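# Report on the structure
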Amino acid sequence: MSNKIPFSFIVVIGLMLFALFFGAGNLIFPSMLGQSAGENIWSANAGFLVTGVGLPLLGVLAFGFSGKEDLQSLASRVHPLFAVVFTTVLYLAIGPLFAIPRTGSVSFEIGVKPFLSDNSGPLPLLIFTIIFFTITCLFSLNPAKIVEIVGRILTPIKLGFIGILVVVAFVNPIGNFQAPSEHYAVQPFFNGFREGYLTMDTLASFIFGIIIINAIKEKGAKTKKEIMIVCGKATAIAAVILATIYTSLSYMGASSVEKLGRLDNGGAVLAKVSDYYFGAYGGILLGLMMIVACLTTSVGLVTACSSYFHKLFPKVSYKTFAISLSIFSAIVANIGLTQLIAISVPVLTAIYPLAIVLIFLTFFHSIFKGKAEVYQGSLLLTFIISFFDGLNGAGIHLSSINNFFNAILPMYEVGLGWIIPAIVGGFIGYGSSLLRVKFIPNHPKLD
């Protein structure tokens, strides 16, 4: 295999994977987490790394392990209808409704807005998003070149920008850690875990995994073992870079509170820190870093979403979808970053646990012999809990239900009450599958 796939290509794939994941929210959320966690930074950061690094890369590996061609075929192990609904919802969330527009709005908020006057109005955002998504569309119309564009060109630029800020922050920290905010005073690990949801990277792993696995196959890997070895090495490279940068950004945020005070969002943290270290040049550095970071993610998402919707509706060309998604995302981006995040939180809270459970069931697929009932039982009970978590995230608190779940489910109050039901549902599903085999031996099986 070493003769087929050179290590240099594995490095490019690893850098590409890092670049695809490290986009709009991945600069903002770790720095804000650091500010909020204060002295509890290391515990909170550990939780963030689980959902921000570990689970997304497990999602990529799950694709290689499953041998499936796309998310819909993987989700068909649950049920064909679930596959279509879940895949479509995920692509809409990670695509034109939330993630793609967010790349444009975040780029503007940090890369352009600081240089504008307070009364500049909505026109600059409109102009910027038109330019940003025009570039995204042009790159996305050449999906075969995405490895070269992202892995060889944009990633080194982005790493250079980020590296300068991170190294300076570590060598010359702004100040000492302060007491954590109320939100991170207790159970900082679990709060950091949930903060990682906002990156959307575990959801994105189902999309980016397709790009990575296909690139590995095209380079010559044929067997499942070969694909997993190459994929494992590439994800290890991406994991080291992601974990290092997230931890550095968290540290930078935590050390900034003493002199800069508590700020409203991660974008403000980055802007103030850049200004502290580099003055006027800090804003330029941060702006370039953010725009390049968001552009790589935007290109990857438009490419993947266009491919999926073209497959779902083959009469509509890939090019038409790429152009349409770019235009639609530019429009949505103009509602503003704050509104986008507020709308996305309850949706992500509801569907994220489903993605996590599906990843783990994929790795245990052979152990329970791929019985559809195991998938169905586990995901059904997971969704029942995560649905009410989503309502809580939307500000709709049903006291009687929340009190009931708090009484019977460990960690429900920190948004992880779905874990035990997921396990119990899997065992219930396995038991029902044994009864099915006993009483309906010729019942058809889902792959």
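What you see is a predicted model; the values in this text were computed from it and never measured.

This next bit is on the overall build of the protein chain. When its secondary structure is counted, the protein chain shows 19 helices and zero strands. The C-alpha atoms of the protein chain give 22 Å as radius of gyration, which agrees with the globular expectation for 447 residues (22 Å, within 12%). Taking the principal axes of its C-alpha atoms as reference, the protein chain extends roughly 75 × 55 × 45 Å. Counting contacts in the protein chain only where the partners sit at least 6 residues apart, residues at least 24 apart contribute 82% of the total. Distance from the positive charge centre (26 side chains) to the negative charge centre (18 side chains) of the protein chain: 14 Å.

Two side chains bearing opposite charge may form a pair once their charged atoms approach each other closely. Per the counting criterion, the structure on display carries two salt bridges. Between D70 and K311 there is a salt bridge, with its nearest N and O atoms 2.0 Å apart. Taken together, the residues D70 in the loop between α3 (41-66) and α4 (71-75) and K311 in helix α14 (residues 280-312) connect sequence positions 241 residues apart. Accessibility expressed as a relative area gives 12% for D70, which makes it buried. A salt bridge links E109 to K113, with the nearest nitrogen and oxygen atoms 3.7 Å apart. Assessed through its relative accessible area of 29%, E109 is described here as partly exposed. The class of K113 is partly exposed, set by a relative accessible area of 43%.

Below, the discussion takes up unusual backbone geometry. The backbone phi angle of M200 is positive, close to 65°, even though this residue is not glycine. Relative to the elements of secondary structure, M200 occurs in the loop between α10 (188-195) and α11 (201-218). Of note in this structure, K369 is not a glycine but carries a positive phi near 60°. Positionally, K369 belongs in the loop between α16 (337-363) and α17 (372-393).

Time to look at the nonpolar core. Grouped together as the largest cluster of nonpolar side chains are 134 residues, with contacts concentrated most on F22, F86, Y91, I94 and F206. Looking at this core element by element, the count peaks at 15 residues for α14. Once residues within four sequence positions are removed from consideration, F86 is found in contact with L71, A75, L354, A355 and L358.

Note on placement: R102 falls in helix α6 (residues 99-111). Of the buried charged residues, R102 lacks a salt bridge, with D201 as the closest side chain of opposite charge at 6.3 Å. A polar contact is formed between the side chain of R102 and the backbone oxygen of L198, at a distance of 2.8 Å.

By the element assignment, E373 lies in helix α17. Leaving out residues up to four positions away in the same chain, E373 has contacts with G429, S432, S433 and R436.

In a pair of packed helices, the angle between the axes and the distance between the axes together describe the arrangement. The interhelical angle for the contact between α3 and α16, taken along N-to-C directions, is 45°, at an axis separation of 9 Å. In this view, α3 runs oblique relative to α16, as classed from their interaxial angle. Considering only the axes of α3 and α16, their crossing is left-handed. Two secondary-structure elements touch here, α3 through T51, L55, L58, G59, L61, A62, F65 and S66 and α16 through Y352, I356, I359, F360, T362 and F363.

Moving on, we come to the packing of aromatic side chains. Evaluated as defined, the whole model comprises 28 aromatic pairs. Both rings, one in Y308 and one in F309, keep their centres 5.2 Å apart while their planes meet at 65°; by these two values the pair is edge-to-face. Residue Y308 is classed as buried on the basis of its relative accessible area of 6%. With relative accessibility at 8%, the residue F309 sits in the buried group. An aromatic cluster of three or more residues is present, and its members are F383, F387, F388, F404, F405 and Y412. Across the ring face of F65, the terminal group of K224 is positioned such that the distance to the ring centre comes to 4.1 Å.

What follows is about a nonpolar patch on the surface. Residues L123, L126, I127, I130, I131 and I135 make up a contiguous nonpolar surface patch of about 530 Å² in total accessible area. Of note, I131 is situated in helix α7 (residues 123-140).

The next thing to look at is α7. Across its 18 residues, α7 extends 26 Å between first and last C-alpha, which sits within 8% of the 26 Å expected from 1.5 Å per residue. Among all positions of α7, only P124, L125, F128, T129, F132, F133, T136, C137 and S140 are buried. Buried positions along α7 lie against α6, α14 and α15 (318-333).

Basis of the calculations
- Residues numbered from 1 in each chain as written.
- Predicted model: local features only at pLDDT ≥ 70, side-chain atom pairs only at ≥ 80, totals over all residues.
- Heavy atoms only, no water.
- Helix = DSSP H or I, 4+ residues; strand = E, 2+ residues; numbered from the N terminus.
- Rg over C-alpha atoms; globule rule 2.2 N^0.38 Å.
- Contact = heavy atoms within 4.5 Å.
- Lys, Arg positive; Asp, Glu negative; His and termini not counted.
- Charge placed at Lys NZ, Arg CZ, Asp CG, Glu CD.
- Salt bridge = Lys/Arg side-chain N within 4 Å of Asp/Glu carboxyl O.
- Buried < 20%, exposed > 50% of the residue type's maximum accessible area, 1.4 Å probe, protein only.
- Core = buried A, V, L, I, M, F, W, Y, C linked by side-chain atoms within 4.5 Å.
- Polar contact = N/O pair within 3.5 Å; in protein donor to acceptor, adjacent residues only side chain to side chain.
- Axes fitted to C-alpha atoms, helices over the stretch in contact; angles between N-to-C directions.
- Parallel < 35°, antiparallel > 145°, perpendicular 65-115°, else oblique.
- Left-handed = near helix turned anticlockwise from the far one by under 90°.
- Phe/Tyr/Trp six-rings, centres within 6.5 Å; stacked < 30°, edge-to-face > 60°.
- Lys NZ or Arg CZ within 6 Å of the ring centre and 35° of its normal.
- Patch = residues over 30% accessible without salt bridge, like charges linked within 9 Å, V, L, I, M, F, W, Y side chains within 5 Å.
- Areas by Shrake-Rupley, 256 points an atom, 1.4 Å probe, with all protein chains shown as cover.
- Expected span 1.5 Å × (residues − 1).

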